[in-house]
Amino acid sequence: MEEFTWRVGGPQGGGIETAATLFARAVAKGGWWVATKREYHSNIMGRHSYLDVRLGRKPVGAFRGKVDFLVALDGETLARHLDEVRPGGVLLYDPKVLDLTVHKLPMLDHRVQEALAERFGKADPSLKEILAAYAEAGVQPLPYPYEEVADRIGAELGVPSLQARRTLNTIAVAASLHLLGFPLKPLLEALALQFRGKVLELNEKVAEAVYREEVPRLSFQLHLNGYEPGRVYLTGAQAAALGKLAGGLRFQTYYPISPATDESVYLEAHTAFPGADVAVVQTEDEIAAVTMAVGAALAGAKAATATSGPGFSLMAEGMGFAGMIEAPLVVTLYQRGGPSTGLPTRTEQGDLLFAIRGGHGEYPRLVLASGDILDAFLDAQKALAWAWRYQTVVVHLLDKFLASMAQSLPKEALKVLSLNGEKRLAPREGFGPYERYAPAEDGISPFIPLGTPGGVYWMTSDEHDLEGHITEDPVLREYQMEKRMQKLLTARREIPLEDQYTLYRDGDVLVLGFGTVKGTLLEALDHLPGVGYLHLRLLWPFPEIGPLLEGKRLVTVEHNYSGQLADLVQQETLKKVHHRVVKYNGRPITLDEAVEALKAVLSGEAPARLVLRKGV
Amino acid sequence: MVELKLQDYKAEKQPDWCPGCGDFGILSALQMALFELRKDPSQTVVFSGIGCSAKTPHYLNVYGVHTLHGRVLPVAQGAKLANPHLTVVAVGGDGDGLGIGAGHFVAAGRRNVDMLYILHDNEVYGLTKGQAGPTLGLGEKTKSLPKPNPQGRINPLLLAFASGYTWIARGYAYDVKGLKELIKEGINHKGLAFLHVLQPCPTYNDLHTKEWFAPRLYKLQEEGYDPFVPEGLPPEELDRKMAQFQEKAAEWGERIPIGVFWKAEVPTFEERLKAYLPRYPEVYPALGQRESLDLEGLLKEFAL
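Since the model is a prediction, treat every value here as computed from it, not as a measurement.

1. Focus on the overall build of chain A
So, step 1. If you tally the helices and strands in chain A, you get 22 helices and 24 strands.
So, step 2. The C-alpha extent of chain A, read off along each of the three principal axes, is 85 × 60 × 45 Å.

As structure tokens, then:
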């Protein structure tokens, strides 16, 4: 096998997260590159959740439409994921759920219940019938009584049932790997990464016991792929947090919100790590988060905040304040399904235009978007460096898909960049007012932290003069407006083109994307001769990509309803985008969907607007 | 630093407040307090919200940051935490602090960052021409209101107390000397100090004027009120202190107390930060990077 996808589904809080991490680490210990995507409800415990672990011989950045192996830990998974396993694939399920019917799955949405009722031609289909439908579709169902196995192994090891059942996730992973003919050793190594002490000992014994059982030999087997040390496996939120530390972050504020919180929680846990020394403050709301970060920045601390849609809306005024008084500020925006509370735990790229334009009046801001875990790490450093170089707001765009996705990557790729270019005023002798907004051709007056000896200055969110006093004078207004906005031109001139966009491949059909469509589209190119891909990294100031688009059939692929990137490209380049491929059901675009959509474009069958609708 | 004179704390800008505005008195008291405490202007920052009183920083010759409406406290706390060596004073009106900024007012009390917050309370939104502020009483009708106020008043002292402010005082804008002493004590207090200043608005508030206040105000400390609440006070003693505070904080009518109502010893947020940042405040965020990041060490938990 060249690649493979394993999915585990079950109730939130029931150990499926641990199971997926364990599976990913085990196959990674066996030499495979892995990526994991996580789908979950806005709920603490009990609602349906699932994770896909995809492995490949090359680094993995995309996910498949159908999986090869589904581990259903409960009946709801069986019902929801019908049609999600490829023909020839495997379904591992607990036979005890077969007594259930669709109506006995209380968390299953009515819409899904009705769809199943219609499909099976009866009001309340049973899971037996659903199971039969898997088999009809060519999926191989394998009964596996997880709890019975746990009890049996528990008895064998002299461990009480309750304790043995806590190892269900290990049992599910061990059973999967055993069925796949994968050796036990990497699994034991993965367990050692995950657990300590007595818990580790128990899980090791359980895994060994599972491996002692007789299992059928599957038609496909997973072999070792040659382990190489020096790889790491982390999520987008962790990568962004690490990137912030690498970029010199000293002050982070946040208000709890999904899916942004993970980043701040990571930072909170590592405040005192050597070289980190980062203060993390949980504020009363996002208004306080953004304004407190501004206060810290004014004092000279590299400061940032992280949030998601609703919180970002609240930050609009504070960001304008930072732009007005020229405070260096990074806002890390983990987009999620909007509008309003929307889909708190599902992905979307619906905040692009808001990130660029949100807020009253005009001020210079930079917007950059990360496409994968490595980007998240590097971009977090760039965002901080640019905020301080241009003394303004930098919005770092990620999304829920990336925040909770994990990828394995070579450790050496996680480099600390040496970025500077910050302009600071040297403290003067004597005492007098500083001209905080002194004229500068590039728009950047030297930064003077509050508390700099030798003088004082003032700052105001009102329009101001060179020393920072309020003014409504028309000439000074023009001067300040032009000085501030000049920074956008300076930034577009100074920022290296490779940080603005990457033309991965040219083609008569040219796909444009930003953010987390990157991995999917890059792999899609392998299946689409003649199609090119232009990945946008800097979204504002918008890069000068017009010449690259000349004479091309342009397609945008993005996670939102209207095709915000398409609008932006058209506005900034005056080139027509011929096809907008959009998806807004909260689930990330899969490789298969992207390939199919772009094939339709190539064959001339695609409409101007193509909506992708797959996902569970 | 050269020896500074009182005049050196005054900026060149001329205040654009209405004649007779209470803001003048508060500005003078603040200027005198900073002078008498010999505060280094370049190590002192006055933050403000938005409104008439929020123009205060522009008239003082120390660092001044005139922020957004209602957001003075988070900005000020951010700067103070990033550089704990700064002397930080935040100022703003009653609408700024207890209307649009009420959430921040409460949350700041929970933190106890070492700074002083001065609330200029004239019960009206002056700069927008006299709408009812959050401290104007229910049914009260100033001359700028078309109808009596249909919303009740917040008691700033009780709210500060409920929120956890560790030094709570009230002053009067026309008692500049008394106010100056309160500001000095508030700045010197270790923790978050709240100074509520009663301030007539001669343009829009014809109810609570200088003439109205003059016969009613009295000084708590002249009547032997002791606001001090030492750490580890026995519960029954603490109850007594709290009851005393509440009684005086609620007193409003024939007699209105000014002075220090509450002065408690509680660890500051800076001290609490040490649990997360053992080297704080010696190593503080505004200092920048002191040593290179142990990225290798951080990556260990992610190793495969």
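So, next bit.
2. Looking at the interface of chain A and chain B
So, step 1. Contacts between the two partners involve 61 residues from chain A and, on the opposite side, 50 residues from chain B.
So, step 2. Contributing elements (two or more residues each) for the side of chain A that touches chain B: α1 (16–29), β7 (231–235), α10 (236–246), β9 (279–282), α12 (286–298), α13 (309–325), β16 (455–456) and β17 (458–460) of chain A.
So, step 3. It is α12(A) that provides the largest number of residues to the side of chain A that touches chain B, a total of nine residues.
So, step 4. Where β17(A) lies against strand β2 (residues 63–66) of chain B, three bridges are found, and the strand directions are parallel. Across the sheet, the residue bridging to A:Trp458 is B:Gly64, located in β2(B).

3. Considerations on the UniProt feature "domain: Thiamine pyrophosphate enzyme TPP-binding" (unreviewed entry) in chain B
So, step 1. The sites that carry the UniProt feature "domain: Thiamine pyrophosphate enzyme TPP-binding" (unreviewed entry) are, in the present numbering, residues 50–197 of chain B.
So, step 2. Structurally, residues 50–197 of chain B is divided into 33% helix and 23% strand, and its ends, taken at the C-alpha atoms, are 17 Å apart.

4. A closer look at helix α17 (residues 474–494) of chain A
Residues and elements named next belong to chain A.
So, step 1. The end-to-end C-alpha distance of α17, which contains 21 residues, comes to 30 Å, matching closely the 30 Å that a straight helix rising 1.5 Å per residue would cover.
So, step 2. All of the buried residues along α17 are Lys483, Arg484, Lys487, Leu488 and Ala491.
So, step 3. For α17, the elements touching its buried residues are β12 (365–369) and α15 (373–390).

5. Observations regarding the nonpolar core
So, step 1. Counting residues in each nonpolar core, the largest one holds 281 residues, and the members touching the most others are A:Val34, A:Ala293, A:Ala296, A:Leu329, B:Ala79, B:Tyr117 and B:Leu195.
So, step 2. B:Val124, B:Ala132, B:Leu136 and B:Tyr204 belong to the second largest nonpolar core, which has six residues in total.

6. Considerations on the packing of α10(A) against α15(A)
Residue and element names in this part refer to chain A.
So, step 1. Axis separation between α10 and α15 bottoms out at 7 Å; the angle between their running directions is 35°. Seen along the crossing, α10 lies across α15 with a hand that is right-handed. Along the contact surface, α10 presents Gly236, Ala239, Ala240, Leu242, Gly243, Lys244 and Ala246, while α15 presents Ile373, Ala376, Phe377, Leu378, Asp379, Ala380, Gln381 and Leu384.
So, step 2. Counted by class, the contact of α10 with α15 contains 10 nonpolar, three polar and two charged residues.

7. A look at the UniProt feature "domain: Pyruvate/ketoisovalerate oxidoreductase catalytic" (unreviewed entry) in chain A
So, step 1. Cross-referencing UniProt, the feature "domain: Pyruvate/ketoisovalerate oxidoreductase catalytic" (unreviewed entry) maps to residues 13–211 of chain A in the present numbering.
So, step 2. Along residues 13–211 of chain A one finds 48% helix and 18% strand; the C-alpha atoms at either end are 26 Å apart.

8. Here's the deal with the sheet that holds strand β8 (residues 251–254) of chain A
Residue and element names in this part refer to chain A.
So, step 1. Judged by pairing direction, the sheet is mixed, and its seven strands sit side by side in the order β9-β8-β10-β11-β13-β12-β21 without closing on themselves. A strand with exactly one partner marks an edge of an open sheet, and here the two such strands are β9 and β21 (538–540). The sheet shows a mean angle of 20° between the axes of neighbouring strands, taken without regard to direction.
So, step 2. Pairing geometry for β12 and strand β13 (residues 393–399), over five bridges, is parallel. For Val367, the partnering residue across the bridge sits in β13 and is Val395.
So, step 3. With respect to the sheet, α12 is in contact with β8, β9, β10 (303–308) and β11 (329–335), its orientation differing from that of β10 by roughly 165°.

9. Topic: the domain arrangement of chain A
So, step 1. Domain annotation for chain A reports domain 1 (3–212), domain 2 (234–413), domain 3 (432–494) and domain 4 (499–611).
So, step 2. The C-alpha-based centres of domain 1 of chain A and domain 3 of chain A are spaced at 58 Å.

10. Some thoughts on the environment of A:Gly546
All names here are of chain A.
So, step 1. Position of Gly546 among the secondary structure elements: in helix α20 (residues 546–549).
So, step 2. Linking Gly546 and Ala164, residues 382 residues apart in sequence, is a C-alpha distance of 62 Å.
So, step 3. Apart from the residues lying within four places of it in its own chain, the contact partners of Gly546 are Thr573 and Lys575.

Rules used in this analysis
- Residues numbered from 1 in each chain as written.
- Chains lettered and ligands numbered in written order.
- Predicted model: local features only at pLDDT ≥ 70, side-chain atom pairs only at ≥ 80, totals over all residues.
- Helix = DSSP H or I, 4+ residues; strand = E, 2+ residues; numbered from the N terminus.
- Contact = placed C-beta atoms within 7 Å.
- Pairing = 2+ DSSP bridges.
- UniProt positions renumbered as here; feature names shortened; annotations may be inferred.
- Expected span 1.5 Å × (residues − 1).
- Buried ≥ 20, exposed ≤ 12 C-beta atoms within 10 Å, placed from the backbone.
- Core = buried A, V, L, I, M, F, W, Y, C linked by C-beta atoms within 7 Å.
- Axes fitted to C-alpha atoms, helices over the stretch in contact; angles between N-to-C directions.
- Left-handed = near helix turned anticlockwise from the far one by under 90°.
- Nonpolar A, V, L, I, M, F, W, Y, C, P; charged D, E, K, R; others polar.
- Domains from an automatic or database assignment.

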